[in-house]
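A closer look at the structure
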Amino acid sequence: MTGKGQLLYKKAKSRIPGGTQLLSKRPELHLPEQWPSYYSRAKGVDVWDLDGNHYVDMSFNGVGASILGAGDPDVDAAVKAAIDNGSMSTLNCPEEVELAELLCELHPWAEMVRYARGGGEALAVAVRIARAFTGRDLIAFSGYHGWHDWYLAANLAEESALDGHLLPGLEPKGVPRGLLGTSMPFRYNHIEELETIVAEHGSALAAIVIEPVRRNDPAPGYLEGVRNYADRTGAVLIVDEVSAGFRMNTGGAHLLYGLTPDMAVFAKSMSNGYPMAAVIGKAGIMEAAQSTFISSTYWTERIGPSAAIATILKHRREDVANHLIDTGKSIQEGWRQAADSVGLKVDIGGIPPVSHIAFQYEESQALSTLFTQLMLERGFLAAKAFYATYAHTGNHVDSYLSAVREVFPILVQTVDEGSVAARLKGPVAHTGFHRLT
Ligand code: PLP
């Protein structure tokens with residue numbers, strides 16, 4: 001029987017190109033024709049679909065946004081107060097200044113802050129400021145930084161330039177060809193690739209944009225090397241904390257690694273499910289925002305900053321980062337033991353709060369689709385990634401791992417029998433949101 005979610009998704013695709021606004025929320029990426037697709041209610045890590053089925057979210061948790069869990073009572077109380085006091089006015093909301101003070105207190109190297117509401121949008125703001133400050137055009141980057149022209153321009157040069165960073169085969173249609181050669185990628189932990197870019201374009205580099213950590217920890221000397229190249233070339237070093245921030249500490253992961261950037265960008269997890277993004281930076285650089293035009297009406301509304309202040313204060317007060325790390329470590333350990341006990345070949349990695357598992361078989365993608373299908377039947381949203389939240393309890397972890405211990409032997413059995421595809425109720429999940437670097 002087709003669920004209401006799948007039926008609605010079919011309708012959505014006729015009205016909304018791609019069906020949804022975020023690639024990673026496409027049901028085809030998880031469990032084609034079976035994924036519940038829409039929620040009627042989400043609270044903590046509990047999710048109810050349109051048919052009233054209940055699931056425990058052991059997968060993406062708002063694609064990384066719900067760091068405290070959906071509908072956190074403290075954040076929601078702050079948001080409700082912001083609504084009651086008026087979410088928009090001709091005048092500015094004081095929470096903007098309070099949040100700026102808080103972000104600069106957490107990151108003592110930063111002195112000024114600008115806001116947006118989405119991560120990719122905030123990265124575009126940061127890149128604009130860096131270009132305005134340096135008077136240069138070129139960007140060297142590593143990792144995923146959103147959908148904007150400055151980033152996709154990398155694929156004008158070579159269709160596969162971004163393959164190792166996010167989306168294999170990503171087409172830069174609609175990005176002006178005039179941007180050809182303005183954005184150059186290098187792979188995480190491959191400082192020699194940045195060195196090559198610097199050797200050729202060093203004096204024209206406006207910014208070096210990196211994620212502080214990805215699936216792997218920074219190799220010794222990598223972050224120092226990046227900082228060094230920024231200093232030598234005069235490029236602005238922008239650290240993208242949209243995914244890494246607030247996972248292992250209250251603030252940017254760069255603080256943990258002793259890296260002092262020139263700018264850092266936050267979004268998603270900083271406001272627990274309410275749109276908010278911040279660009280923080282050294283005053284001399286940030287002031288260049290005044291020499292260009294960066295301005296938007298809804299960047300002044302009150303809900304985002306109110307949610308961010310409540311999220312960050314709770315995160316710090318309740319040592320949320322340690323809970324995320326412990327929870328992620330239990331999941332990684334549980335995966336490992338469950339796999340070892342039945343001889344399932346897996347690759348487990350990622351920082352514990354954002355853990356990843358890959359099945360090391362030729363039919364890897366079919367196997368992970370089957371994993372998602374079998375876990376869904378047991379009441380879990382489960383995938384190759386696990387985003388820990390403050391709402392995950394020991395009980396959630398235990399019941400999830402006990403389901404994993406039921407499912408892993410089935411995966412081994414279907415591999416042995418060559419029946420993986422036959423066990424699937426629908427097509428194999430699409431790939432297209434690779435995070436390989
Ligand atoms: N930068 C990084 C590192 C991200 O992980 C993401 C989203 O996943 C973005 C930027 C884009 O953020 P948003 O989806 O809010 O535009």
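Brief notes about the site of the ligand
Every one of the eleven residues lining the ligand counts as a neighbour, but G119, G120, D240, S243 and K268 are closest to it. Note that a nitrogen atom of the ligand is positioned 3.2 Å from one of the backbone N or O atoms of Y144. At 2.9 Å, a side-chain N or O of K268 approaches an oxygen atom of the ligand. Contact with the protein chains covers 87% of the free accessible surface of the ligand, which is 380 Å². Of the residues assigned to the shell around the ligand, the class counts are two nonpolar, five polar and four charged.

Brief notes about the nonpolar core
Side chains that are nonpolar tend, in soluble globular proteins, to be buried together. Core analysis: the largest hydrophobic core is formed by 65 residues, its most contacted members being M270, F359, F371, Y400, F408 and L411. Examining the composition of this core, we find that eleven residues originate from one element, helix α13 (residues 394–417), more than from any other. Excluding anything up to four places from it in sequence, F359 contacts L344, K345, V346, S364, L367, S368, F371, F408 and L411. In terms of nonpolar packing, the next biggest core, distinct from the first, is built from 32 residues, A140, A244, L259 and Y387 among them.

A short note on the environment of L29
With respect to the helices and strands, L29 occurs in the loop between α1 (4–15) and β1 (39–43). Residue classification places L29 among the buried residues on the basis of a relative accessible area of 18%. Distance in space between the C-alpha atoms of L29 and G432 is 7.7 Å, their sequence separation being 403 residues.

A closer look at the side chain of H356
Within the secondary structure, H356 is located in strand β12 (residues 354–359). The class for H356 is buried, based on a relative accessible area of 17%. Setting aside its immediate chain neighbours within four residues, H356 contacts R215, W335, D347, I348, G349, G350, K384 and A385.

A short note on the packing of helix α11 (residues 320–342) against α13
The N-to-C vectors of α11 and α13 enclose an angle of 30 degrees; their axes lie 9 Å apart at closest approach. Relative to α13, α11 is oriented roughly parallel. Along this stretch, α11 crosses α13, giving a crossing that reads as right-handed. Side by side, α11 and α13 meet where T327, S330, I331, G334, W335, A338, A339 and V342 of the first sit next to V397, Y400, L401, V404, R405, F408, P409 and V412 of the second. Taken together, the residues that form the contact of α11 with α13 break down as twelve nonpolar, three polar and one charged.

Focus: helix α8 (residues 222–233)
Between the first and last C-alpha of α8 there are 17 Å, a value that for twelve residues agrees with the 16 Å anticipated at 1.5 Å per step. What α8 keeps buried is the set Y222, L223, G225, V226, R227, Y229, A230 and T233. Looking at the buried side of α8, the elements it contacts are α7 (191–201), β7 (205–210) and β8 (236–240). Taken from the residues just after α8, G234 is the one with a positive phi, measuring 85 degrees.

Considerations on the environment of G379
Note that G379 resides in the loop between α12 (364–377) and β13 (380–382). Between the C-alpha atom of G379 and that of R316, which follows or precedes it by 63 residues, the distance is 32 Å. Aside from chain neighbours lying at most four places away, what touches G379 is H54, Y55 and V56.

Some points on the packing of aromatic side chains
The full count for this structure, using the stated rule, is eleven aromatic pairs. Between F141 and W150 the ring centres are 6.1 Å apart and the planes differ by 90 degrees, which places this aromatic pair in the edge-to-face class. Both residues of the pair, F141 and W150, belong to the buried class. Ring geometry for W150 and Y151: centres 5.6 Å apart, planes at 65 degrees, overall edge-to-face.

Re unusual backbone geometry
Positioned with a positive phi, N61 is a non-glycine residue whose angle comes to about 40 degrees. Tracing the backbone through its elements, the reader meets N61 in the loop between β3 (54–58) and α2 (73–84). What makes N61 buried here is its relative accessible area of 4%. Its identity as a non-glycine residue notwithstanding, N272 has a phi of 45 degrees, on the positive side. Following the sequence through the fold, N272 ends up in the loop between β9 (263–266) and β10 (277–281). Classification of N272 by relative accessible area gives buried; the value is 5%.

Let's talk about the sheet that holds β10
Read from one edge to the other, the open sheet built from seven strands follows the order β4-β10-β9-β8-β7-β5-β6, with strand pairing classed as mixed. For this open sheet the edge positions go to β4 (112–116) and β6 (183–185), each flanked by a neighbour on one side alone. Looking at each pair of strands side by side, their axes are set apart by 20 degrees on average, direction ignored. Sheet topology note: the β9/β10 ladder contains four bridges and is antiparallel.

Section: α12
Here α12 contains 14 residues, and its C-alpha end-to-end distance of 20 Å stays within 8% of the 20 Å for a straight helix at 1.5 Å per residue. A large share of α12 lies buried, amounting to twelve of its 14 residues. Three or more residues of α12 are buried, namely Q365, A366, L367, S368, T369, L370, F371, T372, Q373, L374, M375 and L376. Lining the buried residues of α12 we find β3, β12, β13, α13 and α14 (420–423). Residue G379 follows α12 closely and has a positive phi angle near 90 degrees.

What counts and what doesn't
- Residues numbered from 1 in each chain as written.
- Predicted model: local features only at pLDDT ≥ 70, side-chain atom pairs only at ≥ 80, totals over all residues.
- Heavy atoms only, no water.
- Near = heavy atom within 4 Å.
- Polar contact = N/O pair within 3.5 Å; in protein donor to acceptor, adjacent residues only side chain to side chain.
- Areas by Shrake-Rupley, 256 points an atom, 1.4 Å probe, with all protein chains shown as cover.
- Nonpolar A, V, L, I, M, F, W, Y, C, P; charged D, E, K, R; others polar.
- Core = buried A, V, L, I, M, F, W, Y, C linked by side-chain atoms within 4.5 Å.
- Buried < 20%, exposed > 50% of the residue type's maximum accessible area, 1.4 Å probe, protein only.
- Helix = DSSP H or I, 4+ residues; strand = E, 2+ residues; numbered from the N terminus.
- Contact = heavy atoms within 4.5 Å.
- Axes fitted to C-alpha atoms, helices over the stretch in contact; angles between N-to-C directions.
- Parallel < 35°, antiparallel > 145°, perpendicular 65-115°, else oblique.
- Left-handed = near helix turned anticlockwise from the far one by under 90°.
- Expected span 1.5 Å × (residues − 1).
- Phe/Tyr/Trp six-rings, centres within 6.5 Å; stacked < 30°, edge-to-face > 60°.
- Pairing = 2+ DSSP bridges.

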